[in-house]
Amino acid sequence: DWRVLATMRTPREDLLPPSAQLRVLPLDVTDQESVDKFCEQVPRCDLLVNNAGGAHGSESIADANVEDWQWMYDTNVLGTLRVTRALLPKVEASGDGQVINISSIAGLRSYRGGAGYNAAKHGVHSLSHVMRMEFVDAGVRVTLRDRIAGATSGAATSTTPTGASPSPTSSEATPEQVASVIAGKQADWREVIEQAGTCRMNWVMKSEDLAETLNRK
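Read on for a plain summary of the structure. (Residues numbered from 1 in each chain as written. Predicted model: local features only at pLDDT ≥ 70, side-chain atom pairs only at ≥ 80, totals over all residues. Heavy atoms only, no water.)

Re the overall build of the protein chain
Along the backbone of the protein chain there are 6 helices and 5 strands. Element order for the protein chain, N to C, with α for helix and β for strand: β-β-α-β-α-β-α-β-α-α-α. Evaluated residue by residue, the protein chain yields a buried proportion of 42% over its 217 residues. A separation threshold of at least 6 residues defines the contact pool for the protein chain, and within that pool the share at least 24 residues apart is 62%. (Helix = DSSP H or I, 4+ residues; strand = E, 2+ residues; numbered from the N terminus. Buried < 20%, exposed > 50% of the residue type's maximum accessible area, 1.4 Å probe, protein only. Contact = heavy atoms within 4.5 Å.)

Here it is as structure tokens:
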């Protein structure tokens, strides 16, 4: 059985089903002190899922707000770096550890008004690829998952920024479908692909790679 430590900037127990296997702790991935305090409360880590992210602003590049861009990079890219770096020794110590980084198709498919978010999510892609190269010798697996725009909502999710035009071929998927993707269930994944209607070959290949990765011992 898995014991799960879920995090939110401001914990809300009522948002999650009650379970003896689940604890909700505060965490702000943009604050190193918050990251360190959280990691001190983690006795063991077999699987780290980096899910925190977000988008600010929908201005064109000509009217871009640098503070919004800095926030997006700090949250999406540096947030993933901070938490992974802090927990990596415990992931390695598990003997069969894995890191799953949740990104977005915005890192693969650009759209007007989304340059800052596109760039940040592309950064998560690049960071994940280098993690694979550098963590392999320690026996830590790294998986990159791309979220469909609008698939989830909440404090620690990334969505298309308010007012921005999403990719014209993207649509919503349910949280249950997204969870099934992370678990490597092929049928549900193909259903999500059909619903999204975008980056189809890339997503199919990645789903197969994910299933193989999760099943490998």
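Some points on the sheet that holds strand β3 (residues 47-50)
By way of backbone hydrogen bonds, the strands of a sheet pair with one another, either parallel or antiparallel. What the 3 strands build is an open sheet, ordered β3-β4-β5; its pairing is parallel. Edge positions in the open sheet fall to β3 and β5 (141-147), since each of these has one partner strand only. Mean inter-strand twist for the sheet, computed between neighbouring axes without regard to direction, equals 15°. Direction of pairing for strand β4 (residues 98-104) relative to β5: parallel, over a ladder of 7 bridges. (Pairing = 2+ DSSP bridges. Axes fitted to C-alpha atoms, helices over the stretch in contact; angles between N-to-C directions.)

Points about the packing of helix α1 (residues 32-40) against helix α2 (residues 66-93)
As a packed pair, α1 and α2 sit with axes 9 Å apart at the nearest point and diverge in direction by 25°. In terms of their interaxial angle, α1 and α2 are classed as roughly parallel. Regarding α1 and α2, the two cross each other, and that crossing is right-handed. Residues Q32, V35, F38 and C39 of α1 touch α2, and the partners they reach there are R82, V83, R85, A86, L87 and K90. Classifying every residue of the contact of α1 with α2 gives 6 nonpolar, 1 polar and 3 charged. (Parallel < 35°, antiparallel > 145°, perpendicular 65-115°, else oblique. Left-handed = near helix turned anticlockwise from the far one by under 90°. Nonpolar A, V, L, I, M, F, W, Y, C, P; charged D, E, K, R; others polar.)

Regarding the pairing of β3
Of the two faces of β3, the one lined by L48 and N50 is fully buried and the one lined by L47 and V49 carries no buried residue. Where β3 meets β4, 4 bridges bridge the pair, whose relative direction is parallel. Looking across to β4, one finds that L47 is bridged to Q98. Read from β3 through α2 to β4, the crossover connection turns out right-handed. (Right-handed = clockwise from strand over helix to strand, strands pointing away.)

A few points about the environment of V130
Within the fold, V130 resides in helix α3 (residues 115-135). Counting along the chain gives 12 residues from V130 to V142, while the straight-line C-alpha distance between them is 9.5 Å.

Structural notes on a nonpolar patch on the surface
On the surface, a nonpolar cluster with roughly 370 Å² of combined accessible area is contributed by W2, V4, L47 and V49. Checked against the element boundaries, V49 lands in strand β3. V49 sits in the partly exposed class, given a relative accessible area of 37%. (Patch = residues over 30% accessible without salt bridge, like charges linked within 9 Å, V, L, I, M, F, W, Y side chains within 5 Å. Areas by Shrake-Rupley, 256 points an atom, 1.4 Å probe, with all protein chains shown as cover. Salt bridge = Lys/Arg side-chain N within 4 Å of Asp/Glu carboxyl O.)

What about the pattern of salt bridges?
Close approach of charged atoms allows side chains of opposite charge to pair. Tallied over the entire structure, the rule returns 3 salt bridges. With a closest N to O distance of 2.8 Å, R44 and D46 form a salt bridge. Classification of R44 by relative accessible area gives exposed; the value is 54%. One salt bridge connects R82 with D74, and the closest N-O pair in it is separated by 2.6 Å.

So, the environment of V140
Within the secondary structure, V140 sits in the loop between α3 and β5. Distance from V140 to L88, taken between C-alpha atoms, is 8.9 Å for residues 52 residues apart in sequence. Not counting chain neighbours up to four residues away, the residues in contact with V140 comprise V91, E92, G97, Q98, V99 and F135.

So, the pairing of β4
Taken across its 7 residues, β4 has 7 buried, putting it largely inside the fold. The side-chain alternation of β4 yields two buried faces, one formed by Q98, I100, I102 and S104 and the other by V99, N101 and S103. Note that the unit made of β4, α3 and β5 has a crossover that is right-handed.

Keep in mind that these numbers describe shape and distance, not what the molecule does.
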